[in-house]
Amino acid sequence: MSGQIFVMDQQVVCPGDLLAEGDFEIPWSPYIYKESNRYYASVVGVVDVKNGTFTVVPLKGSKYWPRVGDTVLGMVEDIELYGWTVDIRAPYPAYLPASSLLNRPVTAGEDLRRYLDVGDYIVAKVEVFDRTTNPILAVRGSDTGKVTDGTVVSISPSKTSRLIGRNRSLLNTLMSMTGCHLMVYPNGMIHMRCPSSAQEEAIKGAISLIEIEQESRISDLTEKVRRFIASKLGETNVSSSAEA
Amino acid sequence: MLAAQQRPRLIDERGLRTDGRRPDELRPIRIELGVLKNADGSAIFEMGNTKVIAAVYGPKEMHPRHMALPDRTVLRVRYHMTPFSTDERKNPAPSRREIELSKVIREALESAILTELFPRATIDVFMEVLQADAGTRLVSLMAASMALADAGIPMRDLIAGVAVGKADEVLVLDLNEAEDMWGGADMPIAMMPSLNKVVLFQLNGTMTPEELRQALELAKKGIAEIYQLEKKAIKEKFVEVS
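Source: prediction; values computed, not measured.

Rules behind the numbers
- Residues numbered from 1 in each chain as written.
- Chains lettered and ligands numbered in written order.
- Predicted model: local features only at pLDDT ≥ 70, side-chain atom pairs only at ≥ 80, totals over all residues.
- Heavy atoms only, no water.
- Helix = DSSP H or I, 4+ residues; strand = E, 2+ residues; numbered from the N terminus.
- Rg over C-alpha atoms; globule rule 2.2 N^0.38 Å.
- Buried < 20%, exposed > 50% of the residue type's maximum accessible area, 1.4 Å probe, protein only.
- Contact = heavy atoms within 4.5 Å.
- Areas by Shrake-Rupley, 256 points an atom, 1.4 Å probe, with all protein chains shown as cover.
- Domains from an automatic or database assignment.
- Buried area = accessible area lost by both parts, 1.4 Å probe.
- Salt bridge = Lys/Arg side-chain N within 4 Å of Asp/Glu carboxyl O.
- Nonpolar A, V, L, I, M, F, W, Y, C, P; charged D, E, K, R; others polar.
- Expected span 1.5 Å × (residues − 1).
- Disulfide = S-S within 2.5 Å.
- Polar contact = N/O pair within 3.5 Å; in protein donor to acceptor, adjacent residues only side chain to side chain.
- Pairing = 2+ DSSP bridges.
- Axes fitted to C-alpha atoms, helices over the stretch in contact; angles between N-to-C directions.
- pLDDT = per-residue confidence, 0-100.
- Core = buried A, V, L, I, M, F, W, Y, C linked by side-chain atoms within 4.5 Å.

(A) Looking closely at the overall build of chain B. Each helix and strand counted, chain B has four helices and ten strands in total. For chain B, the N- to C-terminal ordering of α and β elements is β-β-β-β-α-β-α-β-β-α-β-β-β-α. Taken against the 2.2 N^0.38 rule, which gives 18 Å for 242 residues, the C-alpha radius of gyration of chain B at 18 Å falls within 12% of a compact globule. In terms of overall dimensions, chain B has C-alpha extents of about 60 × 50 × 40 Å along its principal axes. For chain B, buried positions account for 53% of its 242 residues. In chain B, the share of contacts with a sequence separation of at least 24, taken over all contacts with a separation of at least 6, comes to 68%. Per element, the accessible surface of chain B, about 10,900 Å² overall, is 54% carbon and sulfur.

Rendered as structure tokens:
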């Protein structure tokens with residue numbers, strides 16, 4: 001690994017901006033484009049420079065790029081003979097085999113609508129995905145399965161890292177201020193369980209605030225969201241967040 | 001209206017053009033991203049009186065399925081002039097010229113977008129010319145390029161382009177309507193500036209080899225200027241506040 005990095009940490013880059021020259025061992029990313037020994041950014045994003053390597057975190061993008069092993073939340077789009085087509089906000093439709101959810105082989109002619117209907121939400125892992133096949137989902141482990149309670153909202157997949165914040169700072173602020181439980185999935189879907197609808201509305205407002213947010217620094221965003229929630233729910237909940 | 005006019009003097013005695021520009025001067029440029037709510041990405045690009053809005057959808061599943069390509073994204077591009085974009089109403093049906101320009105713009109975009117990242121999928125690009133005053137193909141192409149950046153679609157570089165022509169035997173940058181109509185040559189050229197690659201190159205009229213060389217240099221200078229404005233327009237949306 002040798003070469004020169006031309007960008008600073010947290011710098012905003014455009015497509016075509018020269019990031020580095022030389023030979024770097026960086027994981028494959030659709031957001032970095034290499035020509036001969038020059039590395040260019042391929043999207044509008046923020047550069048993370050760490051320990052002599054770099055990554056580009058996109059600031060734009062309404063599509064999720066599936067990664068094997070990711071746990072995603074999707075909506076059932078269609079029911080097929082032996083499984084479901086699930087919208088996971090990727091350029092490709094995902095397929096969930098019924099045997100994976102039911103943990104047994106499916107008998108021919110079985111009505112799968114009884115287990116998952118069109119419009120239902122499902123949490124599943126991306127089991128298989130590459131250039132030639134559409135993503136195949138699997139229900140494995142306790143944190144996956146049909147979503148039976150709470151509310152599902154969405155944000156641009158490129159904004160999920162901002163919603164979570166550095167070391168989960170923004171997400172923890174949101175949860176401690178409202179008492180809601182939030183699960184953020186990498187495809188931009190958010191599952192929340194709130195004590196009441198007032199908190200739910202506050203979270204929804206905060207999420208749309210993050211969605212239209214243009215600032216590139218997360219610390220400022222956390223402060224903005226903190227003020228927003230405080231104005232919505234009153235100051236009583238703010239003190240509890242100070243301890244958290 | 002213009003057709004009925006007599007051929008005007010394109011360069012006056014002070015060496016200035018009909019709109020008061022120097023021969024190597026660009027028209028004023030305004031770029032705005034994210035102007036449409038429903039599209040995945042959008043942009044308005046204005047260059048003088050030429051005004052184009054572009055919208056991008058995708059990458060998404062390709063329908064009909066048999067049209068999809070196994071190794072890359074299919075780009076569907078539509079360049080269209082609105083009926084009110086010209087001084088006399090333009091028939092909104094796609095003309096021969098619009099179909100051809102759609103193809104030329106598609107090929108330019110195909111060389112910029114990393115199409116191999118999304119096999120079997122499709123990206124739709126729509127461009128509407130709101131106001132036409134020469135150079136609509138390049139302004140459309142640049143609007144599309146900005147809309148693609150707004151949509152977060154990976155590409156090799158932003159596209160910047162400008163036309164160089166001959167007005168009264170003088171090489172001029174960024175033609176306006178009068179120079180386009182009465183001038184001796186019109187050469188639109190678009191590039192990916194940081195990779196130094198040409199994505200669109202056409203020439204109407206005649207130029208000597210020496211004129212062509214000079215025209216290329218002039219175009220490169222204009223493109224570098226536009227490229228900086230494009231980057232500024234994108235980065236302005238993400239100001240760091242301290």
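(B) Region of the structure containing the domain arrangement of chain A. Residues and elements named next belong to chain A. Domain assignment breaks chain A into domain 1 (2-58), domain 2 (71-146) and domain 3 (151-243). When each unit is reduced to the centre of its C-alpha atoms, the spacing between domain 1 and domain 3 is 29 Å. Between domain 1 and domain 3 the total buried area reaches about 330 Å² when both faces are included, carbon and sulfur atoms providing 44% of it. Interface area lost by domain 1 to domain 3 is led by Gln-10, Val-57 and Pro-58, which between them contribute 66%. For the pair domain 1 and domain 3, the number of links is zero salt bridges. Those elements that provide at least two residues to the side of domain 1 that touches domain 3 are strand S6 (45-50) and strand S7 (53-58). A breakdown of the residues in the side of domain 1 that touches domain 3 according to their chemical character gives four nonpolar, one polar and two charged.

(C) Layout of helix H4 (residues 209-235) of chain B. End to end, H4(B) covers 39 Å across 27 residues, agreeing with the expected 39 Å (1.5 Å per residue, within 8%). Those residues of H4(B) lying buried are B:Glu211, B:Ala215, B:Leu218, B:Ala219, B:Gly222, B:Ile223, B:Ile226, B:Tyr227, B:Glu230, B:Lys231, B:Ala233 and B:Ile234.

(D) How the structure looks around the state of the cysteines. All names here are of chain A. Enumeration according to the criterion identifies one disulfide over all chains in this entry. Sulfur-sulfur distance for the disulfide between Cys-180 and Cys-194 comes to 2.2 Å. Looking along the S-S bond of the Cys-180-Cys-194 disulfide, the torsion reads about 110 degrees, which is the right-handed sense. Pair noted here: Cys-180 is in the loop between helix H3 (169-178) and strand S15 (181-184) and Cys-194 is in the loop between strand S16 (189-193) and helix H4 (197-211), with a separation of 14 residues, a long-range link. Residue classification places Cys-180 among the buried positions, given a relative accessible area of 5%. Here Cys-194 falls in the partly exposed class, since its relative accessible area comes to 22%.

(E) Spatial organisation of the interface of chain A and chain B. Listed by partner, the interface residues are 35 residues for chain A and 36 residues for chain B. Both sides together, the interface formed by chain A and chain B hides about 3,100 Å², and carbon and sulfur atoms give 54% of it. Between the two partners, chain A and chain B, sit five salt bridges. Between B:Asp150 and A:Lys60 there is a salt bridge; the shortest N-O distance is 2.7 Å. At the surface where chain A touches chain B, the tally comes to 15 residue pairs in polar contact (both at pLDDT 80 or more). Taken together, the elements giving at least two residues each to the side of chain A that touches chain B come down to strand S2 (12-13), strand S4 (32-35) and strand S5 (38-41) of chain A. Taken together, the residues that form the side of chain A that touches chain B break down as 16 nonpolar, ten polar and nine charged.

(F) Just the sheet that holds S16(A), in detail. Residue and element names in this part refer to chain A. One open sheet accounts for three strands, arranged S14-S16-S15; its pairing is antiparallel. Pairing within the sheet leaves two strands with one partner each, and these edge strands are strand S14 (151-154) and S15. Strand-to-strand twist of the sheet, defined as the mean angle between neighbouring strand axes without regard to direction, takes the value 25 degrees. Here H4 sits on the sheet and contacts S14, S15 and S16; the angle it forms with S14, its principal contact strand, is near 15 degrees.

(G) Quick look at the confidence of the model for chain A. Residues and elements named next belong to chain A. Here chain A averages 88 in pLDDT, and 93% of its residues register 70 or above. Here helix H6 (residues 238-243) stands out as the element of chain A with the lowest mean pLDDT, 43, in contrast to strand S12 (residues 136-138), whose mean of 97 is the highest. Note that pLDDT drops below 50 for residues 238-244; the model gives that stretch seven contacts with residues more than four away or on any other chain.

(H) Structural context of the nonpolar core. In terms of nonpolar packing, the biggest core is built from 103 residues, with A:Trp84, A:Leu137, B:Leu109, B:Val125, B:Met127, B:Met146 and B:Leu148 touching the most fellow members. For this core, the leading source of residues is helix H2 (residues 136-151) of chain B, giving eleven residues. Each of two domains, domain 1 (2-58) and domain 2 (71-146) of chain A, supplies a minimum of three residues to this core. Filtering out sequence-adjacent residues up to four positions away, B:Val125 remains in contact with B:Ala55, B:Val56, B:Arg76, B:Val77, B:Arg78, B:Leu109, B:Ala144 and B:Leu148. Listed in part, the 24 residues of the second largest apolar core include A:Val153, A:Ile210, A:Leu221 and A:Ala230.

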